[in-house]
Amino acid sequence: MLQTAAGLTQAQAEHRLKQAGENTLGNKKQTNVAAMFFSQFKDLMILILAGATIVSVLLGEGAEAVTIILVVLINAVMGFLQEYRTEKTLEALQELAAPTAHVLRGGKLREIDARQVVPGDLLVLEAGDRIAADCTVRTAVRLSCNESMLTGESVPAAKREGDRIYMGCTVLTGHAEAIVSATGMQTEMGKIADLVESAQEEPTPLQCRLRQLGRFIAAACVIICFAVALLGVWQGNDFFDMLLTGISLAVAAIPEGLPAIVTVTLALSVNRILRRGAVIRRLHAVETLGCAGVICTDKTGTVTQNKMTVQRIVLPERSFSVSGSGYETAGEISENGKRTNARQDAALMQLCTAGVLCSTAQITRRDKTYEVSGDPTETAVLVAAAKAGVTREMLAGQYTVTGENPFDADRKRMSVTVRTQDGRKLLCKGAPDLLLMRCTHIAQGKTQRPMTPADRAQIKHACAELSAAAMRVLAFAQSDTPEKGEEQLCFLGLMGMIDPPRKEVRSAVQKCREAGIRPVMITGDSRETALAVARQTGIARQGDGVLSGEELDALSDRELAARCMRTSVYVRVTPAHKLRIVRAYKAAGQVVAMTGDGVNDAPAVKEADIGVAMGITGTDVTKQASGVVILDDNFATIVSAAEEGRVIYQNIRRFIRFLLTSNLGEVTGMLFGMLLHLPVMLLPIQILLVNLFTDSLPAVALGMEKPAQDIMRRKPRPKNEGLFAHGLARTIVVRGVMLGAASCGAYWAVLRMSGDLAVARSACFLAIVLSQMLHLFECRGEGLHFTGNPALLAAALASVISTLLVVYVPILQKIFGTTAVCGNLLIPVAAAVLAGPVAAALLRLIRKVTR
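Residues numbered from 1 in each chain as written. Predicted model: local features only at pLDDT ≥ 70, side-chain atom pairs only at ≥ 80, totals over all residues. Heavy atoms only, no water.

Attention now moves to the overall build of the protein. Within the protein, the regular secondary structure consists of 30 helices and 28 strands. Across the 851 residues of the protein, 55% fall into the buried class. Accessible surface for the protein amounts to roughly 36,200 Å². Of this, 57% is attributable to carbon and sulfur atoms. (Helix = DSSP H or I, 4+ residues; strand = E, 2+ residues; numbered from the N terminus. Buried < 20%, exposed > 50% of the residue type's maximum accessible area, 1.4 Å probe, protein only. Areas by Shrake-Rupley, 256 points an atom, 1.4 Å probe, with all protein chains shown as cover.)

This is the structure in structure tokens:
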């Protein structure tokens, strides 16, 4: 360790840097562009498409193979661009724990890169500095630190000689010299970063569902292949020819555009959420929020503002309410509902004067808010005094501070000596119990009188009331004989303050309740403070349980999983407790979102199904662990993201219904044709045109559907719910078979009527495309819905126009093997197009009547 007050020599520092390594939190992985791009090809659907490409090449269908390759590449590029852009956005957001540090090296004060700090260095700290490493305080004057990022507690931590201070925390008041005891991964922040690395990252529910869909499609392709081959052999055809035909049909059954459409839909939603104030780090993460059943949130800075605010002022036999929140200039002091100004109230003036002068904090008015510096408790007092009309500037001509006895963790009070026109005074503030012991008198207007036991009892009762409301209480006193020190004081009054909830949190919590989402508060604060905030915001309701860290330690994992669904508030918890809580909810079958900003939140943020970090107050470690970063630190934005996640799942189910119904219609139509011993209904290039052009654009437009009106009044879907739940599989099969039968019927009828195979195929092509376009509007809900989505109308219109061009424009007829369908030959086409919607309407009517 350090041997002299001059600090390490440069040679010693360089030697220790080689031994201990740089002062960083692990070896941060650099973004590997190539790895990020190739990771897009791991999806099962992509592998199926790769197999389809190989089959297409073997069958001699080079155009189809090239088109499928293009689809795969487009999907990969879109996914890559989204992830790459997100990483770059986060790099712009992220800040190092402490960019620079002031150290003594060889007796000289130097500013160095924080990465070069080594064990044994002597840091020189002042108010506003971020601490570069874990240290032991060597000397300190009025030193206090904001350790909320580690502890979750908003109250400043007073420090003295021999105390530990921690990497990443901020010096609020005073100045100090501190000896570095640990750097990098050996710091408390480093240990938490190590916990983050050990947390398992699981696939999102959507990824699980899409993998299931991929396996379903793969199985369907194999079944189709062998079914067609066996059917053909049974009919007397060559086995090898039938096997190739089956493979061709299986390729037709694959919705080539599905991965790209999922990616486009997610990317569009990411952009919408970005406009609402959130960055999605992982593309699939936003959908996970849509099925979240529990949102575990930190208190300080997430539910609350992390800005201490005076809400009550108590004078002898009088009480005042203070309105306004945080550092806003709006607000007033009122007694019995009537606004009060300190200039017309001598007792209030004395109290506010003591609060303003007995402080080292500073506030500066900037339009509708105050710009503050210093201890949060002191800034809260200054803001409250300003609402009463008392500021440091107003008092400057009447009072001059001539001495200061700074706050000390043992004394728990601070005093200043001031010179006035009437002589010298001592103004004091501190913990009520200790300050009251030193009071012999009590203020009564402009005068004072001896304090009685009844006065003491009344003051203690007022303190108890404020504490019961989870307020931090400060007492104020003064003396006309400063030479006697902090004794024989005259009691002036009390101020009660709290870190208030964000204004929008209560409505966001209510929205969560309506959506069946359980909000849970997890904090390092006391039970009383946490419960007060939880009740104000609606997180804690009557009958909800509260568990402390000690009580958690006494529970087994199974017991905790059983109790967690009855618990809304967890207090005095450590990072390890937060991990257990998240795992308990997951064990209870819940999809868990964990929000937070401090380093202490990072392991649980990563362990959760979806981690949400705060962009302004969030630490680098927490942002790296999260899937979503809230740029405005607004709890309500999380709820908006959850709503967007539900919309995504709703729309994905819609376009999966559309795509699979369409492809099943093509396959079953061709199967029906084989059973009737008809020539192949569509050429490969015509199948490809249907799959890639007429399916994909409308499916993307389906992904832009607005949310259903009741989407945030529905219960979260179960974690194991499949994409085909609620009868979707039955709907796809029934409508797909109906579409296939109708298109085959049109093909057969036109072939019989015209005797021209090209005309029959063109009629079949028209019937399939137009049927799918009509079914597109059925996929928005029950029945046909044509209004409310201009993009869908435009996509359908583009598909219809392109189809008509392919059939009726001579130059395109040569490319796609089509010919014009005219006159009475359009009757079977029209019948096929209308058959599906009419049959579906009749089925709905039958179900309605038979209920």
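What follows picks up the thread again.
Ranked by size, the top nonpolar core spans 99 residues in total, and within it Phe-655 and Ile-656 carry the most contacts. Counting residues per element, this core draws most heavily on helix H24 (residues 635-675), which supplies 15 residues. Those residues within four positions of Ile-656 in sequence are excluded, and the remaining contacts are Leu-210, Leu-213, Leu-258, Thr-661, Leu-723, Phe-724 and Ile-732. Tyr-327, Ala-384, Ala-385 and Val-390 belong to the second-largest nonpolar core, a separate cluster that totals 43 residues. (Core = buried A, V, L, I, M, F, W, Y, C linked by side-chain atoms within 4.5 Å. Contact = heavy atoms within 4.5 Å.)

Structurally, Ala-133 can be placed in the loop between strand S3 (122-126) and strand S4 (134-146). A C-alpha to C-alpha distance of 7.6 Å links Ala-133 and Asn-23, two positions 110 residues apart in sequence. Sequence-distant contacts of Ala-133, defined by excluding residues within four places in its chain, comprise Asn-23, Val-117, Ile-165, Tyr-166, Met-167, Val-180, Ala-182 and Thr-183.

What follows concerns the packing of aromatic side chains. Evaluation of the coordinates by the stated rule reveals one aromatic pair. Taken together, a centroid distance of 4.8 Å and an interplanar angle of 40 degrees make the contact between Phe-777 and Phe-786 tilted. In this structure Phe-786 comes out as partly exposed when scored by relative accessible area, which is 39%. When the ring centre of Tyr-649 is taken as origin, the NZ or CZ atom of Arg-717, which lies over that ring, is 3.3 Å away. (Phe/Tyr/Trp six-rings, centres within 6.5 Å; stacked < 30°, edge-to-face > 60°. Lys NZ or Arg CZ within 6 Å of the ring centre and 35° of its normal.)

This part covers the side chain of Gln-590. Its place among the elements puts Gln-590 in the loop between helix H21 (575-587) and strand S26 (592-596). Taking relative accessible area as the criterion, Gln-590 reaches 19% and is therefore assigned buried. Ignoring any residue separated from it by four or fewer positions in sequence, one finds Gln-590 in contact with Gly-293, Val-294, Met-565, Tyr-585, Asp-609 and Lys-719.

Here we come to the packing of H24 against helix H27 (residues 757-778). Packing of H24 against H27 leaves a shortest axis separation of 10 Å and a crossing angle of 155 degrees. Compared by their axis directions, H24 and H27 come out roughly antiparallel. Pair H24 / H27 crosses with right-handed handedness. Contacts between H24 and H27 pair Arg-657, Phe-658, Thr-661, Ser-662 and Glu-666 from the former with Ile-768, Gln-772, Met-773, His-775, Leu-776 and Glu-778 from the latter. (Axes fitted to C-alpha atoms, helices over the stretch in contact; angles between N-to-C directions. Parallel < 35°, antiparallel > 145°, perpendicular 65-115°, else oblique. Left-handed = near helix turned anticlockwise from the far one by under 90°.)

Positive phi outside glycine occurs at Arg-142, with the angle close to 50 degrees. With respect to the secondary-structure elements, Arg-142 resides in strand S4. In this model, His-677 sits at a positive phi of 60 degrees, which is unusual for a non-glycine residue. Among the structural elements, His-677 can be located in the loop between H24 and helix H25 (684-702). For His-677, a relative accessible area of 57% gives the class exposed.

With that settled, the discussion passes to the environment of Cys-169. For Cys-169, the location among the structural elements is in the loop between strand S6 (164-165) and strand S7 (170-182). A sequence separation of 39 residues divides Cys-169 from Arg-130, and the C-alpha atoms of the two residues are 5.7 Å apart. The contact partners of Cys-169, leaving out residues within four places of it in the chain, are Asp-129, Arg-130, Ile-131, Asn-146, Glu-147, Met-149 and Leu-150.

Moving on to a nonpolar patch on the surface. Residues Leu-834, Val-838, Leu-842, Leu-845 and Val-849 make up a contiguous nonpolar surface patch of roughly 480 Å² in combined accessible area. Topologically, Leu-834 is positioned in helix H30 (residues 826-850). (Patch = residues over 30% accessible without salt bridge, like charges linked within 9 Å, V, L, I, M, F, W, Y side chains within 5 Å. Salt bridge = Lys/Arg side-chain N within 4 Å of Asp/Glu carboxyl O.)

What follows concerns the sheet that holds strand S23 (residues 518-522). Reading across the sheet, the eight strands line up as S8-S28-S27-S26-S9-S23-S25-S24 and stay open at both edges, with mixed pairing between neighbours. This sheet does not close on itself; its edge strands, each paired only once, are strand S8 (278-280) and strand S24 (545-548). If you compare each strand with its neighbour and ignore which way they point, the axes differ by 20 degrees on average. The pairing of S8 with strand S28 (residues 628-630) spans three bridges and is antiparallel. Within S28, the residue paired with Ala-278 across the bridge is Ile-630. (Pairing = 2+ DSSP bridges.)

Tallied over the full model, the rule gives 27 salt bridges. The residue Arg-142 makes a salt bridge to Glu-404 at a minimum N-O spacing of 3.6 Å. Taken together, the residues Arg-142 in strand S4 and Glu-404 in strand S16 (residues 400-405) connect sequence positions 262 residues apart. On the basis of relative accessibility, which here comes to 14%, the residue Arg-142 falls in the buried class.

Below, the discussion takes up H30. Along its 25 residues, H30 runs 36 Å from first to last C-alpha, staying within 8% of the 36 Å computed at 1.5 Å per residue. Where H30 bends most, at Ala-835, the angle is about 35 degrees, and the proline Pro-837 comes one to four residues later. Residues of H30 that are buried include every one of Pro-828, Val-829, Ala-832, Val-833, Gly-836, Pro-837 and Ala-840, and no others. The inward-facing, buried residues of H30 abut helix H26 (728-754) and H27. (Expected span 1.5 Å × (residues − 1). Bend = angle between axes of the 7 residues up to and from the residue.)

Right, let's get into the packing of H26 against H27. Where H26 contacts H27, the axes come no closer than 8 Å and their chain directions differ by 150 degrees. Classed by the angle they form, the pair H26 and H27 counts as roughly antiparallel. Relative to H27, the crossing made by H26 is right-handed. On the side of H26, the interface is formed by Arg-735, Leu-739, Ser-743, Ala-746, Tyr-747, Val-750, Leu-751 and Ser-754, while H27 contributes Leu-757, Val-759, Ala-760, Arg-761, Ala-763, Cys-764, Ala-767, Ile-768, Ser-771, Gln-772, His-775 and Glu-778. The residue inventory of the contact of H26 with H27, partitioned by class, reads twelve nonpolar, five polar and three charged. (Nonpolar A, V, L, I, M, F, W, Y, C, P; charged D, E, K, R; others polar.)

When the pLDDT values of the protein are averaged, the result is 83; 87% of them are 70 or greater. Taken element by element, the protein is modelled with least confidence in helix H4 (residues 62-93), mean pLDDT 63, and with most confidence in strand S22 (residues 489-498), mean pLDDT 95. Note on residues 92-98: pLDDT is under 50 here. Beyond four places in sequence and across chains, it has 18 contacts. (pLDDT = per-residue confidence, 0-100.)

This paragraph deals with the environment of Ser-319. Inspection of the secondary structure puts Ser-319 in strand S11 (residues 318-322). Considering only alpha carbons, one finds Ser-319 and Glu-335, 16 residues apart in sequence, at a separation of 6.5 Å. Side-chain polar atoms of Ser-319 contact the side chain of Arg-312, separated by 3.1 Å. (Polar contact = N/O pair within 3.5 Å; in protein donor to acceptor, adjacent residues only side chain to side chain.)

Now for H27. Here H27 spans 31 Å end to end across 22 residues, near enough to the 32 Å set by a 1.5 Å rise per residue. Burial analysis of H27 places 19 of its 22 residues in the buried class, which makes it a mostly covered element. The backbone nitrogen of Ala-758 has a side-chain oxygen 2.9 Å away, supplied by the residue at the start of H27, namely Asp-756.

For the rest of this paragraph, the subject is the pairing of strand S1 (residues 100-105). Note: S1 against strand S2 (residues 108-113), six bridges, orientation antiparallel. Directly across from Leu-104, in S2, lies its bridge partner Leu-109. Once S1 ends, the chain turns through two residues before running back antiparallel as S2, passing Gly-106 with a positive phi of about 60 degrees. Where S1 and S3 come together, two bridges link them in antiparallel fashion. Counterpart to Leu-104 in the pairing with S3 is Leu-122.

As a further point, take the side chain of Ser-662. Here Ser-662 lies in helix H24. For Ser-662, a relative accessible area of 0% gives the class buried. From its side chain, Ser-662 meets the backbone oxygen of Phe-658 in a polar contact 2.7 Å long.

What follows concerns the state of the cysteines. All told, the structure shown has zero disulfides when counted by the stated rule. Among the cysteines around Cys-169, which has no disulfide bond, Cys-145 carries the closest sulfur, lying 6.9 Å off. Not engaged in a disulfide, the cysteine Cys-358 finds its nearest cysteine sulfur in Cys-428; these two sulfurs lie 6.0 Å apart. (Disulfide = S-S within 2.5 Å.)

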